[in-house]
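Listed below are the residues making up each chain.
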Amino acid sequence: MSLAAESPSPSLSSLSDDDDFADLLAAELELELSSAADSSPQGDPSASPVSHDDEEGEEDVVVEADAVEQGSSKRRRVGGQHQDRRTAVMPDEDATAGSFKDDQVKICPPHPGFFGGLCFRCGKSQDEEDVSGVAFGYVHKGLRLGTSEMDRLRGSEVKNLLRDRKLVLILDLDHTLINSTRLHDISAAEMDLGIQTAASKDLPNKSLFNLQGMHMLTKLRPFVRKFLEEASSMFEMYIYTMGDKAYAIEIAKLLDPGNVYFGSKVISNSDCTQRHQKGLDVVLGAESTAVILDDTEYVWQKHKENLILMERYHYFAASLRQFGFSDRSLSELMQDERESDGALATILDVLKRIHAIFFDSGVETALSSRDVRQVIKRVRQEVLQGCKLVFTRVFRSDCRAQDQIIWKIAEQLGAICCSEVDSTVTHVVALHTGTDKARWAVKNKKFLLHPRWIEACNYRWHRLPEEGFPVPSSKEKGKEKVTEDAQTDS
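None of these values were measured; they are calculated from a predicted model.

**Student:** Would you mind going over the packing of aromatic side chains in detail, with residue names and values included?
**Tutor:** This structure, assessed with the given rule, holds eight aromatic pairs. Residues Phe358 and Phe359 carry aromatic rings whose centres are separated by 5.0 Å and whose planes lie at 65 degrees to one another, so their mutual orientation is edge-to-face. Seen from their ring centres, Phe391 and Trp407 are 5.5 Å apart, and the 25 degrees between their planes marks the pair as stacked. Here Phe391, found in strand S13 (residues 388-392), pairs with Trp407, found in helix H12 (residues 405-412); they are 16 residues apart in sequence, far enough to count as distant. A relative accessible area of 4% places Phe391 in the buried class.

So this is what it looks like as structure tokens:
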């Protein structure tokens, strides 16, 4: 979703005292800057404030007395909250220049990172040779961290998260937590129902909003507020969207009006390091502690093991049309997902189980050596454990069944998949009833069901009642849209 305007990222100084991540990063950056300043002897003229001299070509940085004074109070605050975290002073962004002796800055390069174009350890200006690392503009404009510094900060962050019994949760926006549509895409039926007027009403606990400055409507997914409240006790949460920065920040305000869940942790398309891909390289949390909720798998090519795929939330008609559906939308039907057993309520239960298993005190493995990806895999495999599936005329005849997505999903859910029937088979998956294996299933009182059952179990993370996914007869099948060629079945 492309928006013309782009809002500035929230600064660390604007965050609440409860934002542990922001305090950690601010303290770490302050330490690097103050360490460089403190390394100069007090009596050394090079450590005193001087004006910039273009002829001599010196690159100078100075920490002003008032900046040090202001930073000291923040250092005491952070130290009180995190006794095991090092703290120091960050100079004002407009601090004047001062110089350091060459023998006092030999620790650079490599530079740990840059802030406002200056190395926050030695004060050197960033040049073309210093472009490595990752930009963290969503934390603070002009911040870029080198690989070694990211690893160090991640280590500190993981240590403190595990101490607080928390993991990291990455949350997509569109079709996961919310659904948005542009005003000019509102359908005639939605217009007749007065959806735009309803979105503009100032009501308590409303879930439908008119983003007038962006000419959009946004609908919060049912249960999202309760979801965020409960998830925040188990996870350090990030927003990560392919939408623009301005859009991401506006939605964050709707989801978190008190700024208690996300703080500066709102990542948008401008923060991505690879085109059309999301990555954990811009998240200061270890992959071994990160859980991702997203409706789109292909944008997480490097992190599929961390991903919990969400069932897409289509509230508006334009959203359905975007994905090729011709059904009436929830808005047109004046309906919505149920809060009690909708997608977010279901996934919250999954997250609670993952969290409980990860922090199980009965496990001998040290917390720092545990990997949430293995926990996700274990919980997923419990969904269809004990089921043995045979597929009949579901795949094209020129394709290997084992390579098909639905086969792989079933195996990931813990089912055993095979090509031939025997007495141990529990389910026969078919598109219609006119095959030998389908008839065998009926005769032997095995479950005969549609492939959509596997897809639904994958989204819901539990074995759904098979009766809700009947297989149409051969005559009914002829009326359906068939997208795959049938394979020969014996």
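**Student:** Could you give me a rundown of the pattern of salt bridges, with the residues and numbers involved?
**Tutor:** Under the criterion given, the structure shown has 23 salt bridges. Its salt-bridge partner being Lys253, residue Glu250 comes within 3.5 Å of it at the nearest N-O pair. Of the two residues, Glu250 and Lys253 are both situated in helix H7 (residues 245-255); the distance of three residues between them amounts to about one turn of the helix. By relative accessible area, Lys253 is classed as partly exposed at 49%. As a salt-bridge pair, Arg353 and Glu382 come within 2.8 Å of each other at their nearest N and O atoms. Within this pair, whereas Arg353 is found in helix H10 (residues 343-358), its partner Glu382 is found in the loop between helix H11 (372-381) and S13, the two being separated by 29 residues in sequence. Residue class for Arg353 comes out partly exposed when judged on its relative accessible area of 36%. Linked through salt bridges whose partners overlap, the residues forming this network are Asp172, Lys278 and Asp294.

**Student:** Before we move on, can you summarise unusual backbone geometry with the specific residues and values?
**Tutor:** If you check the backbone angles, Arg165 has positive phi at about 55 degrees while not being a glycine. Among the secondary structure elements, Arg165 is positioned in the loop between helix H3 (147-163) and strand S5 (167-171). Phi is positive for Trp461, close to 60 degrees, though the residue is something other than glycine. Tracing the sequence through the fold places Trp461 in the loop between helix H14 (452-460) and helix H15 (474-477).

About the criteria used
Residues numbered from 1 in each chain as written. Predicted model: local features only at pLDDT ≥ 70, side-chain atom pairs only at ≥ 80, totals over all residues. Heavy atoms only, no water. Phe/Tyr/Trp six-rings, centres within 6.5 Å; stacked < 30°, edge-to-face > 60°. Helix = DSSP H or I, 4+ residues; strand = E, 2+ residues; numbered from the N terminus. Buried < 20%, exposed > 50% of the residue type's maximum accessible area, 1.4 Å probe, protein only. Salt bridge = Lys/Arg side-chain N within 4 Å of Asp/Glu carboxyl O.

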